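# Fold and geometry: a report
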Amino acid sequence: MMSMLAPVRRDRIIAELPQCFHKEAALHSRSSFHPQVTGACQEQRTGTVGRFKISKIIVVGDLSVGKTCLINRFCKDTFDKNYKATIGVDFEMERFEVLGVPFSLQLWDTAGQERFKCIASTYYRGAQAIVIVFDVNDVASLAHTRQWLADALKENDPSNVILFLVGSKKDLSPPAQYSLIERDAIKVAKEMHAEYWAVSSLTGENVREFFFRVASLTFESSVLAELEKSSARKIGDVVRICSADGDLYLTAQRRKSKCCR
Ligand SMILES: Nc1nc2c(ncn2[C@@H]2O[C@H](COP(=O)(O)OP(=O)(O)OP(=O)(O)O)[C@@H](O)[C@H]2O)c(=O)[nH]1
């Protein structure tokens, strides 16, 4: 199957961890990929990551904050100044190569309008990352991000998703005004345990950097989850094989509790 696909575009190759936007509200501020992830990629021990796994990313937020434009700027390098409401949902696929491993993101663009929300929310399930968008020129849209997050988390396992809070339309915000809302946005992002970004789909500022960061952090967490799964499997086997032998059983148990820490 893989050989039938065209090679990954050269501008979708990620060899180094892209940096966060703001150190105060970052998922982590390590300067490179987790060493276990780098090692697993070198030794091609990434399990389903790189083969069948496609990571689902949902993009939510008030109507007209610029969700569609953000996705279109990254996926198609286009910008439409006319507003067309998203009805229900739409999605785009993006293929990356991270540390030499193929990795695909499915980007789900959802409707912000109240009347389409119930259709859109049926697509929230199974997300690996949630991107909550607000308009940096509209404080109400920032206040509403908590509700968007709560709705998206109803359909997902909160301990298993990674969160991004994205301020859009930065081009329309004079620097002095922007820095005021940034202060509030960072506060909100920290409360949510989300990583904060500010972008402009009109100029393209930070759009590519943002999606590269999303792809990288989603990839990193997928590989770590795979590694955890395979070590849990190994421990399980030891327990099963040796359960007649008290000593070894204990060793396996001890290893297990060490891993969980
Ligand atoms: N100046 C500027 N305008 C933007 C930017 N992003 C989006 N817009 C404009 O904002 C309006 C709404 O953008 P959309 O991307 O359609 O908004 P949405 O969040 O997808 O809206 P719904 O589908 O209704 O939820 C459009 O008129 C866009 O041209 C930006 O970065 N800068």
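Residues numbered from 1 in each chain as written. Predicted model: local features only at pLDDT ≥ 70, side-chain atom pairs only at ≥ 80, totals over all residues.

## Some points on the overall build of the chain
In terms of regular secondary structure, the chain is built from eight helices and seven strands. A burial count over the chain gives 36% of its 261 residues as buried. Put simply, 74% of the contacts in the chain that link residues at least 6 apart link residues at least 24 apart. (Helix = DSSP H or I, 4+ residues; strand = E, 2+ residues; numbered from the N terminus. Buried ≥ 20, exposed ≤ 12 C-beta atoms within 10 Å, placed from the backbone. Contact = placed C-beta atoms within 7 Å.)

## Structural notes on the sheet that holds strand β7 (residues 194-198)
Strand order across the open sheet formed by seven strands is β1-β3-β4-β2-β5-β6-β7, with mixed pairing between neighbours. Looking at strand neighbours, the two that pair on one side only are β1 (13-14) and β7, the edges of this open sheet. As defined by bridge partners, strand β5 (residues 129-135) adjoins strand β6 (residues 162-168) across seven bridges and the pair is classed as parallel. Each bridged residue has a counterpart across the sheet, and for Asp135 the counterpart in β6 is Ser168. Of the strands in this sheet, β2 (54-61), β3 (89-98), β4 (101-110), β5 and β6 touch helix α2 (residues 67-76), which is tilted by about 150° from β4. (Pairing = 2+ DSSP bridges. Axes fitted to C-alpha atoms, helices over the stretch in contact; angles between N-to-C directions.)

## Details of the site of the ligand
In the vicinity of the ligand, 23 residues are found, and the nearest of them are Gly66, Thr68, Cys69, Thr86 and Gly112. Sort the elements by how many residues they give to the shell around the ligand and α2 lands first, with three residues. (Near = placed C-beta within 6 Å.)

## Regarding the environment of Val98
Take Val98: it is sitting in strand β3. Taking the C-alpha atoms as reference, Val98 lies 13 Å from His34; in sequence the two are 64 residues apart. Apart from residues no more than four positions distant in its own chain, Val98 is found in contact with Ile14, Phe103, Ala215, Ser216 and Phe219.

## Topic: the pairing of β2
Across the eight residues that make up β2, a large majority, seven, are buried. Bridge count between β2 and β4: six bridges; the pairing is parallel. Within β4, the position partnered with Lys56 by the bridge is Gln106. Across five bridges, β2 lies against β5 in parallel orientation. Of the residues in β5, the one forming a bridge with Val59 is Val131.

## Looking at the nonpolar core
In terms of nonpolar packing, the biggest core is built from 58 residues, with Ile57, Ile58, Ile130, Val131, Ile132 and Ala215 touching the most fellow members. Per element, the largest residue contribution to this core is nine residues, and it comes from helix α7 (residues 207-242). For Ile132, the residues in contact, after removing those within four places along its chain, are Val60, Gly61, Thr145, Trp148, Leu149, Leu165, Val166 and Ala194. (Core = buried A, V, L, I, M, F, W, Y, C linked by C-beta atoms within 7 Å.)

## What to know about α2
For α2, a buried count of seven out of ten residues is recorded, marking the element as mostly surrounded by other parts of the structure. Looking at α2, one finds that the buried residues are Lys67, Thr68, Cys69, Leu70, Ile71, Arg73 and Phe74. Just beyond α2, the residue with positive phi is Asp77, at close to 50°.

## Re unusual backbone geometry
For Leu99, which is not glycine, the phi dihedral falls at a positive 50°. Relative to the helices and strands, Leu99 is located in the loop between β3 and β4. Look at Leu99 and you get buried, because 22 C-beta atoms sit within 10 Å. For Asn206, which is not a glycine, the phi torsion comes out positive at approximately 65°. Looking at the secondary structure, you find Asn206 in the loop between β7 and α7. Look at Asn206 and you get partly exposed, because 18 C-beta atoms sit within 10 Å.

## So, the pairing of β5
Counted residue by residue, β5 has seven buried out of seven residues, so it is predominantly covered. Burial along β5 is two-sided: the face carrying Ala129, Val131, Val133 and Asp135 and the face carrying Ile130, Ile132 and Phe134 are both buried.

## What to know about the environment of Ala111
Mapped onto the fold, Ala111 is located in the loop between β4 and α3 (114-121). In sequence terms Ala111 and Ser216 are 105 residues apart; their C-alpha atoms lie 26 Å from each other. If we skip the residues at most four places from it in the chain, Ala111 touches Ala85, Thr86, Ile87, Gly88, Val89, Phe116, Lys117, Ile119 and Ala120.

## Comments concerning the confidence of the model for the chain
Chain-level pLDDT for the chain is 88 on average; 87% of the residues reach the 70-or-more range. In the predicted structure, residues 237-261 sits below a pLDDT of 50 and forms twelve contacts with residues beyond four places in sequence or in another chain. Interface scoring of the predicted complex returns ipTM 0.99; its pTM is 0.88. (pLDDT = per-residue confidence, 0-100.)

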